[in-house]
Amino acid sequence: RKLMRNLLASNRDHSYYRRAEVRENDEFSEASYNEGYSSDEPSEGTFTGVLVNSFGFPYFDYDSFTDISVSTGDSDTSSDTSSETSSGIVTKFTNRTNASQRSSATEYEGGMNGLGERQGHGIMRWPNGNTYAGLWVRGRREGLGTCHFGNGATYVGEWKSDKMHGQGTYRWPDGQEYIGEFVEDLMEGNGKCKHKNGTEYVGGFKNCKRYGRGRLRPKNGSEIIGIYNNDCLDGPAIVRYPGGMVEVDYWENGTPVGGGVRWTADRKCAFALNKGKLGKEISVRQGMIITRSVQNALISGHGMI
């Protein structure tokens with residue numbers, strides 16, 4: 001008890017006033033802490049409960065928060081609602097600059113480790129409307145979790161070092177949806193993206209754009225299978241139209257560069273393609289040679305279809 005009073009007194013300076021009251025029982029020590037600026041209208045911060053570090057001493061982080069509320073399940077001095085964590089330490093804190101700004105507070109409720117860092121399962125609410133519910137490791141979002149963003153977007157999936165990383169699902173407010181792999185908050189790897197207009201893409205992504213081998217299905221019913229780079233066709237591609245007609249060609253930066261073939265719906269006639277423009281009719285044998293060449297180039301591409 002004397003040590004607790006000394007710890008609190010040692011943090012006293014000219015601009016703050018602090019009061020501490022300590023009581024002990026069989027399971028834990030409990031401190032009630034009030035802090036405010038030495039002005040006419042001091043803030044009304046409260047600290048109840050106790051955080052214990054690995055040496056068994058209470059942990060107070062005065063520098064990180066100007067107003068912290070932490071409660072234990074057995075504490076009767078706090079009005080915050082808490083639930084017991086796997087470590088037996090139940091915590092809830094609110095970061096506020098003063099009593100008049102409670103509507104813009106950052107709030108956390110969940111587990112914490114002995115160093116006062118968010119650990120285990122917890123819920124965090126930010127002033128911008130973002131809310132995260134999921135796993136924490138050493139104060140960072142890590143593992144499975146769900147984040148509802150203030151703009152109406154939602155992410156459900158894996159996190160690493162406070163970023164979307166691994167498998168997850170991201171939904172935009174306008175209805176667009178991406179299911180697949182993330183790397184440090186970016187769509188990267190294999191995934192499926194469905195746009196609000198009905199267009200659907202399945203394949204590789206890099207830096208949130210189509211990359212590698214993929215299949216694009218616009219709402220008009222056509223299908224484009226090809227190699228993509230920076231959201232554009234860039235390599236061999238096969239385009240199937242709703243009526244059954246098929247074009248097999250090579251593309252560069254979103255533009256056909258020639259050497260392809262167009263097949264009729266019954267596959268009985270083939271026509272040469274020159275930079276996307278229809279040329280003369282060629283033999284079926286010639287058409288098959290071009291088609292197989294494009295197909296083999298597609299097989300060696302990256303991504304999934």
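Please read all numbers here as calculations on a predicted model, not as lab measurements. (Residues numbered from 1 in each chain as written. Predicted model: local features only at pLDDT ≥ 70, side-chain atom pairs only at ≥ 80, totals over all residues. Heavy atoms only, no water.)

Draft legend 1. Main features of the pattern of salt bridges. Counted under the stated rule, the structure contains nine salt bridges. For the salt bridge of Glu177 with Arg171, the shortest nitrogen-to-oxygen distance reads 2.7 Å. Note that Glu223 and Arg215 form a salt bridge whose closest N and O atoms lie 4.0 Å from each other. Given a relative accessible area of 13%, Glu223 falls into the buried group. A relative accessible area of 17% places Arg215 in the buried class. When salt bridges that share partners are traced, they join Arg215, Arg217, Glu223 and Arg240 into one network. (Salt bridge = Lys/Arg side-chain N within 4 Å of Asp/Glu carboxyl O. Buried < 20%, exposed > 50% of the residue type's maximum accessible area, 1.4 Å probe, protein only.)

Draft legend 2. Representation of the environment of Gln167 within the structure. Looking at the secondary structure, you find Gln167 in strand S10 (residues 163-171). Exposure remark for Gln167: the relative accessible area of 43% places this residue in the partly exposed category. Separated by 10 residues in sequence, Gln167 and Gly157 place their C-alpha atoms 5.8 Å apart. Beyond its immediate stretch of four places on either side in the chain, Gln167 contacts Tyr155, Gly157, Glu158, Gly180 and Glu181. (Helix = DSSP H or I, 4+ residues; strand = E, 2+ residues; numbered from the N terminus. Contact = heavy atoms within 4.5 Å.)

Draft legend 3. Spotlight on helix H2 (residues 284-299). The end-to-end C-alpha distance of H2, which contains 16 residues, comes to 22 Å, matching closely the 22 Å that a straight helix rising 1.5 Å per residue would cover. Residues Gly287, Thr291, Val294 and Leu298 constitute the buried set of H2. Down the axis, H2 shows its buried residues gathered within 65° of arc, on one side only. Opposite the buried face of H2, by more than 90 degrees, sit the exposed residues Arg285, Arg292, Asn296 and Ile299. (Expected span 1.5 Å × (residues − 1). Arc of directions from axis to C-beta.)

Draft legend 4. Representation of the pairing of strand S7 (residues 131-137). As paired elements, strand S6 (residues 118-125) and S7 share six bridges and run antiparallel to each other. Each bridged residue has a counterpart across the sheet, and for His121 the counterpart in S7 is Leu135. Adjacent in sequence and paired antiparallel, S6 and S7 are bridged by five residues, among which Gly129 carries a positive phi angle near 100°. The sheet contact formed by S7 and strand S8 (residues 140-148) spans six bridges and is antiparallel. When the sheet's bridge partners are listed, Trp136 is paired in S8 with Arg141. Two successive antiparallel strands, S7 and S8, enclose a turn made up of two residues, where Arg138 displays a positive phi of approximately 55°. (Pairing = 2+ DSSP bridges.)

Draft legend 5. Up close: the pairing of strand S13 (residues 200-206). For S13, the tally of buried residues reaches six of seven residues, placing the bulk of the element in the interior. In terms of strand pairing, strand S12 (residues 186-194) meets S13 through six bridges, oriented antiparallel. The residue of S13 that forms the bridge with Asn190 is Gly204. Between the antiparallel neighbours S12 and S13 lie five residues, among them Gly198 with a positive phi of about 100°.

Draft legend 6. Geometry of the packing of aromatic side chains. Evaluated as defined, the whole model comprises 11 aromatic pairs. Seen in terms of ring centroids, Tyr132 and Trp136 are 5.1 Å apart; in terms of plane orientation they differ by 90°. Their pairing is edge-to-face. Pair check on accessibility: Tyr132 and Trp136 agree, each one buried. Taking 5.2 Å as the distance between ring centres and 85° as the angle between the ring planes, the aromatic pair formed by Tyr155 and Trp159 counts as edge-to-face. (Phe/Tyr/Trp six-rings, centres within 6.5 Å; stacked < 30°, edge-to-face > 60°.)

Draft legend 7. Inspection of the confidence of the model for the protein at higher detail. The pLDDT averaged across the protein works out to 74; a share of 64% of its residues lies at or above 70. A low-confidence stretch, residues 1-103 stays under pLDDT 50, and its non-local contacts, those more than four residues away or across chains, total 174 contacts. (pLDDT = per-residue confidence, 0-100.)

Draft legend 8. Representation of the side chain of Glu247. Structurally, Glu247 can be placed in strand S17 (residues 246-252). Of the residues examined, Glu247 reaches a relative accessible area of 11% and is grouped as buried. There is a polar contact of 3.3 Å between the side chain of Glu247 and the side chain of Tyr241. Look past the residues within four positions of Glu247 in its chain and what remains in contact with it is Ala237, Ile238, Val239, Tyr241, Val261, Arg262 and Leu273. (Polar contact = N/O pair within 3.5 Å; in protein donor to acceptor, adjacent residues only side chain to side chain.)

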